[in-house]
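Descriptive analysis of the structure
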Amino acid sequence: MGWIGAGREAKDAEFLELVSGRTGHLYRSACLLTSGDTHHAEDLVQEALGRMYVLWRRSAFTGGRERIANPAAYTHTVMVRTFLAQQRRRSSGERPTDALPEPAGHDGDSSLRLTLLDALGRMPPKDRAVLVLRYWEDRSVEETAEVMRVSSGAVRTRTTRALARLRALLGDSLSELAIR
């Protein structure tokens, strides 16, 4: 196999370690981005990991010159960009459904979670993405701007407007659900 084959095996092992450590987190973020559509979330994670694997293998062939400084964060960036690209290409005939399957368990905050997912689902994709990045992923304005390929000022403006839209969509229902 030689030194090239051994290098590829090591790179593949590193990639599998990344995947096993980040898939759950990516999936949870993807569920928020897709407003609870678990099937779309799974597809989104799979596509992001597929794209990362291509980049990962390419860096193995170039001797690591294209090394990614923070693979976990970059994988998440790839996923968010993939989501935004899909939303731009989405056919006008496709419509997400508002009917969610019955929850498997009776979690104390399931009503709150479903209300938030429903409200996120009614928001534009870029608003959803900025809220997930800023408040779920706890990313800075600058990091969010880099992921979304916009300026920091655009992130601040979109965040403020998205929060106002979310509050308007939730109305009084959030406080009622949070108190329970």
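Residues numbered from 1 in each chain as written. Predicted model: local features only at pLDDT ≥ 70, side-chain atom pairs only at ≥ 80, totals over all residues. Heavy atoms only, no water.

Section: the overall build of the protein
In terms of helices and strands, the protein carries eight helices and zero strands. When its helices and strands are written in sequence order, the protein yields α-α-α-α-α-α-α-α. Across the protein, contacts joining residues at least 24 apart in sequence account for 68% of those joining residues at least 6 apart. Accessible surface, the protein as shown: approximately 11,000 Å² in total, 53% of it carbon and sulfur. (Helix = DSSP H or I, 4+ residues; strand = E, 2+ residues; numbered from the N terminus. Contact = heavy atoms within 4.5 Å. Areas by Shrake-Rupley, 256 points an atom, 1.4 Å probe, with all protein chains shown as cover.)

A closer look at the packing of helix α5 (residues 125-136) against helix α7 (residues 152-170)
Two elements in contact, α5 and α7, have axes whose closest approach is 9 Å; the angle formed by their N-to-C orientations is 100°. Classed by the angle they form, the pair α5 and α7 counts as roughly perpendicular. From α5, Lys126, Asp127, Val130, Leu131, Arg134 and Tyr135 reach across to α7, where they touch Val155, Arg158, Thr159, Ala162, Leu163, Arg165 and Leu166. By residue class, the composition of the contact of α5 with α7 is seven nonpolar, one polar and five charged. (Axes fitted to C-alpha atoms, helices over the stretch in contact; angles between N-to-C directions. Parallel < 35°, antiparallel > 145°, perpendicular 65-115°, else oblique. Nonpolar A, V, L, I, M, F, W, Y, C, P; charged D, E, K, R; others polar.)

As for the nonpolar core
The biggest cluster of nonpolar side chains holds 38 residues, and the ones touching the most others in it are Leu33, Met79, Val80 and Leu131. When contributions to this core are tallied by element, the ones reaching two or more residues are α1 (2-33), α2 (38-61), α3 (71-89), α4 (110-121), α5, α6 (141-148) and α7. When residues in this core are grouped by element, the largest group, eight residues, is from α1. With residues up to four places along the chain from it excluded, the contact list for leucine 33 reads Leu44, Met79, Val80, Phe83, Arg128, Ala129 and Val132. (Core = buried A, V, L, I, M, F, W, Y, C linked by side-chain atoms within 4.5 Å. Buried < 20%, exposed > 50% of the residue type's maximum accessible area, 1.4 Å probe, protein only.)

Side note on the environment of methionine 148
Mapped onto the fold, methionine 148 is located in helix α6. The class of methionine 148 is buried, set by a relative accessible area of 12%. For the pair formed by methionine 148 and alanine 129, sequence separation is 19 residues and the distance between their alpha carbons is 8.3 Å. When neighbours within four sequence positions are excluded, methionine 148 is seen to be in contact with Leu84, Lys126, Ala129, Val130, Leu133 and Arg158.

Topic: the pattern of salt bridges
Within this structure, the stated rule accounts for five salt bridges. Across the salt bridge formed by arginine 122 and aspartate 118, the nearest N and O atoms sit 3.2 Å from each other. Where arginine 158 meets aspartate 127, a salt bridge forms, and the shortest distance between an N and an O atom there is 2.7 Å. One end of the pair, arginine 158, is in helix α7; the other, aspartate 127, is in helix α5, with 31 residues separating them in the sequence. (Salt bridge = Lys/Arg side-chain N within 4 Å of Asp/Glu carboxyl O.)

Description of the side chain of threonine 144
For threonine 144, the position within the fold is in helix α6. Using a relative accessible area of 0% as the deciding quantity, one classes threonine 144 as buried. Other than its neighbours up to four places away in sequence, threonine 144 contacts Val130, Leu133, Arg134, Arg139 and Val155.

Here's the deal with the side chain of glutamine 86
When you line up the elements, glutamine 86 lands in helix α3. Since its relative accessible area comes to 16%, glutamine 86 is described here as buried. Among the polar contacts listed, one links the side chain of glutamine 86 to the side chain of glutamate 47, at a separation of 3.1 Å. When residues no more than four places from it in sequence are discounted, the contact partners of glutamine 86 are His40, Leu44 and Glu47. (Polar contact = N/O pair within 3.5 Å; in protein donor to acceptor, adjacent residues only side chain to side chain.)

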